[in-house]
Amino acid sequence: MSDTLTLPAATERKCSIEEVFDASFIELLKLVPANPYVRALILKFSGKLPPAECELFDELKDWVEFNCVKRIRKAAAQAQNNDEPGISISVDFSEQEYGRAHYQVDCSGTDTFQIGAEELVTIIQDAIADGGAISAVVDAIATLIDDDAWDRCGPDLNNYGDYDYSEHDSGGTDNSEIEYSREHIRNAVLRFVQEWHPELAAEL
């Protein structure tokens, strides 16, 4: 008679499996929960390796929720003045995911890049001090998004297209790209200064 897998009490559950893995990987877990390559991906994504006795999806799900923590990207900077909302820029993310399960698939998703009021005012003031106009502010914000979007946003990347089950040496991602509208940035900045800082609007 095999030993029964013992899990901590339900009150010790730390997260839901959806907060650790995306929907496509959860589906892969349901299909081949005992696959060694899939288990290696669990280690890569969560930093922990499930015990050998977790052979069924429900066992893996419980183990993840009892032992892993929610994966959170760094939050966007928040303004100290809650009366000023700052601006939000819609950013489209895309990348290729690949791993030791011998697959590669394109992923994409959209999230909001939040720039708090305090941070935004500093960007605008710096641009004005350097003799720049609204175009200089847009350039500065575009550079900020290019540099920080993957860290400050948490896009839920959905797979699209077919899985390529060819050989890949290691797990990870590649071809990470983002897209956004510079016109959206310009309009958002102008609305912000016109409503909250007319003294800055006059200088742009």
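Look above for the structure.
Okay, so let's go over this structure. (Residues numbered from 1 in each chain as written. Predicted model: local features only at pLDDT ≥ 70, side-chain atom pairs only at ≥ 80, totals over all residues. Heavy atoms only, no water.)

1. Things to note about the overall build of the chain
Phase 1 of the analysis: Helix and strand counts for the chain come out as seven helices and four strands.
Phase 2 of the analysis: Start at the N end of the chain and walk to the C end: the helices and strands fall as α-α-α-β-β-α-α-β-β-α-α.
Phase 3 of the analysis: A total of 204 residues make up the chain; the buried ones form 38% of that total.
Phase 4 of the analysis: Accessible surface for the chain amounts to roughly 11,600 Å². Of this, 46% is attributable to carbon and sulfur atoms. (Helix = DSSP H or I, 4+ residues; strand = E, 2+ residues; numbered from the N terminus. Buried < 20%, exposed > 50% of the residue type's maximum accessible area, 1.4 Å probe, protein only. Areas by Shrake-Rupley, 256 points an atom, 1.4 Å probe, with all protein chains shown as cover.)

2. Digging into the environment of Ala127
Phase 1 of the analysis: Structurally, Ala127 can be placed in helix H4 (residues 117-129).
Phase 2 of the analysis: With near-sequence residues (within four places) excluded, Ala127 lies in contact with Gly132, Ala136 and Val137. (Contact = heavy atoms within 4.5 Å.)

3. Quick notes on the packing of aromatic side chains
Phase 1 of the analysis: By the definition in use, this model includes two aromatic pairs.
Phase 2 of the analysis: When the centroid spacing of 4.8 Å and the interplanar angle of 75 degrees are considered together, the rings of Phe93 and Trp150 count as edge-to-face. With Phe93 in strand E1 (residues 87-99) and Trp150 in helix H5 (residues 134-152), this pair connects stretches of sequence that are 57 residues apart. Of the two residues, Phe93 and Trp150, neither departs from the other in class, the shared state being buried. (Phe/Tyr/Trp six-rings, centres within 6.5 Å; stacked < 30°, edge-to-face > 60°.)

4. What to know about the packing of H4 against helix H6 (residues 182-196)
Phase 1 of the analysis: Between H4 and H6, the shortest axis-to-axis distance is 12 Å and the interhelical angle comes to 100 degrees. Relative to H6, H4 is oriented roughly perpendicular. Between H4 and H6, the residues in contact are Ala117, Leu120, Val121 and Ile124 and Val189, Phe192 and Val193, respectively.
Phase 2 of the analysis: When grouped by side-chain class, the residues that make up the contact of H4 with H6 number seven nonpolar, no polar and no charged. (Axes fitted to C-alpha atoms, helices over the stretch in contact; angles between N-to-C directions. Parallel < 35°, antiparallel > 145°, perpendicular 65-115°, else oblique. Nonpolar A, V, L, I, M, F, W, Y, C, P; charged D, E, K, R; others polar.)

5. Remarks on the packing of H4 against H5
Phase 1 of the analysis: The N-to-C vectors of H4 and H5 enclose an angle of 140 degrees; their axes lie 9 Å apart at closest approach. In terms of their interaxial angle, H4 and H5 are classed as oblique. The handedness of the crossing between H4 and H5 is right-handed. In this structure, H4 contributes Glu119, Leu120, Ile123, Ile124 and Ala127 to the contact, and H5 contributes Ala136, Val137, Ala140, Ile141, Leu144 and Arg152.
Phase 2 of the analysis: Taken together, the residues of the contact of H4 with H5 break down into nine nonpolar, no polar and two charged. (Left-handed = near helix turned anticlockwise from the far one by under 90°.)

No statement about biological role is implied by the geometric values presented.
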